[in-house]
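Now for the letters of each chain:
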Amino acid sequence: MIPLCVPEIRGNEWKYIKECLDTNWVSSAGAFVNRFENEFAKYMNVKNAVVTMNGTSALELALRTLNIGNGDEVIVSSMTFISPVNTIKYVGAEPVFVDVCCDTWVMDADRVEELITPKTKAIIPVHIYGHPVDMDKIMDIANRHNLYVIEDATESLGAEYKGKKVGSIGHISCFSFNGNKLITTGAGGMLVTDDEKLGERAKYLSTQTKTILPNGGFYHEEIGYNFRMPNLLAAMGCAQLENIDEYSSIKRNNANLYNKFLNDVKNITLPVEKEGVKNIYWLYSILVEKDYPISRDELILKLKENGIQSRPFFMPVHKMPSYKKYKTGNMSITDELVQRGINLPSSVGLVVDDIKRICEMIKSYL
Ligand SMILES: *Cc1c(COP(=O)(O)O)cnc(C)c1O
């Protein structure tokens, strides 16, 4: 079976985790926690990074750090993993759903402004599958309307927008280190920001707002949260981060191979890379067009029968029972893409022969 996207563990993971076990530093204090934060911040070229238990808690922490809550509206894509939308509800705010672009498949920056109301507090551009949202437009809208921008950069770790790392542009950005992401800690997340005040606030909130008094006692000025990542997982993160540039270039190479083998196939649409951006192709994806001989879902089944795992595009969150009642813009592109999009195997460990076999299968129905 060729899996959709599995971890790549070939660096110092064993060594660093063993160090935690040997020294008894397994919990939420320990040198690897600070080291992972510092090295991730350096990689992103931002001032602060705060580790969290997972990507979802990083997003919740971002909203809480910015004081977004009851009565506020947050503009978010509908074609996304559901996590950012859920966190908007966790803090008591309301999602407002915006359409995506037909070519890049990410939030359509040109459709955001029409959804802004006096209640709007933030925009969450979700950079899905590896292509960045048009951040110049998003930041311009945010600046003119005095809104915060929280990038959900999980799926575009390693991608770039006009020479900047995706996740270094908004006020706060969030990442996940779940097993299927570019780098993994098993479960984990990170909040980053170039604003030191926000960074300090996020760390404070994520560690139960704990202040240690001169006598060693704990004082808590306000309600805090336990979003901490243990040293054991941060150790794995440090090891994974050492290989991130290599993993990024492998992802791009694999995408180039897919593009090469599928280039002449008429009835499918390949992913794009807009000028000035670097797509990281976290999940290499294609659109199965109407004149392709079998349907998208039939292709998924056929691939599965042949030992190849694939997945349809995210179902739109605005169609889920819990989110049907919320405001949306025109969703015509989202509604179209979710019927045609398919993610193909994209592990770092994929080899040329795997990619060839997958592409041959796709061509065999023509
Ligand atoms: C994976 C993912 C998350 C959530 O990450 P967890 O670590 O599973 O909580 C959030 N947003 C996007 C776009 C993701 O792909």
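Residues numbered from 1 in each chain as written. Predicted model: local features only at pLDDT ≥ 70, side-chain atom pairs only at ≥ 80, totals over all residues. Heavy atoms only, no water.

A.B. asks: So what exactly am I meant to see when it comes to the pattern of salt bridges here?
C.D. replies: Between side chains of opposite charge, pairing is possible as soon as their charged atoms come close. All told, the structure shown has 25 salt bridges when counted by the stated rule. Put simply, Glu114 and Arg111 hold a salt bridge, and the shortest N to O gap is 3.3 Å. On the basis of relative accessibility, which here comes to 26%, the residue Arg111 falls in the partly exposed class. Between Glu222 and Arg201 there is a salt bridge, with its nearest N and O atoms 2.9 Å apart. Separated by 21 residues along the polypeptide, Glu222 in the loop between strand E11 (218-220) and helix H7 (231-241) and Arg201 in helix H6 (residues 196-206) bring together distant segments of the chain. Given the relative accessible area of 35%, Glu222 is considered partly exposed. Classification of Arg201 as partly exposed rests on a relative accessible area of 29%. Salt bridges sharing partners connect three or more residues here, namely Glu289, Lys290, Glu336 and Arg340. (Salt bridge = Lys/Arg side-chain N within 4 Å of Asp/Glu carboxyl O. Buried < 20%, exposed > 50% of the residue type's maximum accessible area, 1.4 Å probe, protein only. Helix = DSSP H or I, 4+ residues; strand = E, 2+ residues; numbered from the N terminus.)

A.B. asks: I tried to follow the site of the ligand on my own but got confused; where do I start?
C.D. replies: The ligand sits among 13 residues. The nearest are Thr56, Asp152, Glu155, Ser176 and Lys181. At 2.6 Å, a side-chain N or O of Asp152 approaches a nitrogen atom of the ligand. Side-chain polar atom of Glu155 to an oxygen atom of the ligand: 2.5 Å apart, as the coordinates give it. Considered on its own, the ligand offers 380 Å² of accessible surface; in the complex 91% of this is hidden by protein. When the residues that make up the shell around the ligand are grouped by side-chain class, the tally is 3 nonpolar, 7 polar and 3 charged. (Near = heavy atom within 4 Å. Polar contact = N/O pair within 3.5 Å; in protein donor to acceptor, adjacent residues only side chain to side chain. Areas by Shrake-Rupley, 256 points an atom, 1.4 Å probe, with all protein chains shown as cover. Nonpolar A, V, L, I, M, F, W, Y, C, P; charged D, E, K, R; others polar.)

A.B. asks: Just to check I follow, could you spell out the environment of Arg252 for this structure?
C.D. replies: Looking at the secondary structure, you find Arg252 in helix H8 (residues 244-262). Excluding residues within four positions of it along the chain, Arg252 makes contact with Glu273, Lys278, Asn279, Ile280 and Tyr281. At 2.6 Å, the side chain of Arg252 and the side chain of Glu273 are in polar contact. (Contact = heavy atoms within 4.5 Å.)

A.B. asks: Help me understand the sheet that holds strand E13 (residues 277-278) in this model?
C.D. replies: Strand pairing within a sheet occurs via backbone hydrogen bonds; the two strands may be parallel or antiparallel. Within the open sheet, the 3 strands sit side by side as E7-E6-E13. Their pairing is antiparallel. Across the chains shown, the open sheet's two edge strands, defined by having one partner strand only, are strand E7 (164-165) and E13. Bridge analysis of strand E6 (residues 160-161) against E7 gives 2 bridges, and the strand direction is antiparallel. Looking across to E7, one finds that Tyr161 is bridged to Lys164. (Pairing = 2+ DSSP bridges.)

A.B. asks: Looking at this structure, how should I read the domain arrangement of the chain?
C.D. replies: You'll often see interface size given as the accessible area lost when the parts meet. What the domain assignment lists for the chain is domain 1 (13-241) and domain 2 (244-363). For domain 1 versus domain 2, the distance between C-alpha centres works out to 25 Å. Listed by partner, the interface residues are 45 residues for domain 1 and 41 residues for domain 2. Between domain 1 and domain 2 lies a buried interface of about 3700 Å² when both sides are counted; carbon and sulfur atoms form 64% of it. For the interface between domain 1 and domain 2, the tally reads 3 salt bridges. Across the salt bridge formed by Lys327 and Glu73, the nearest N and O atoms sit 3.5 Å from each other. (Domains from an automatic or database assignment. Buried area = accessible area lost by both parts, 1.4 Å probe.)

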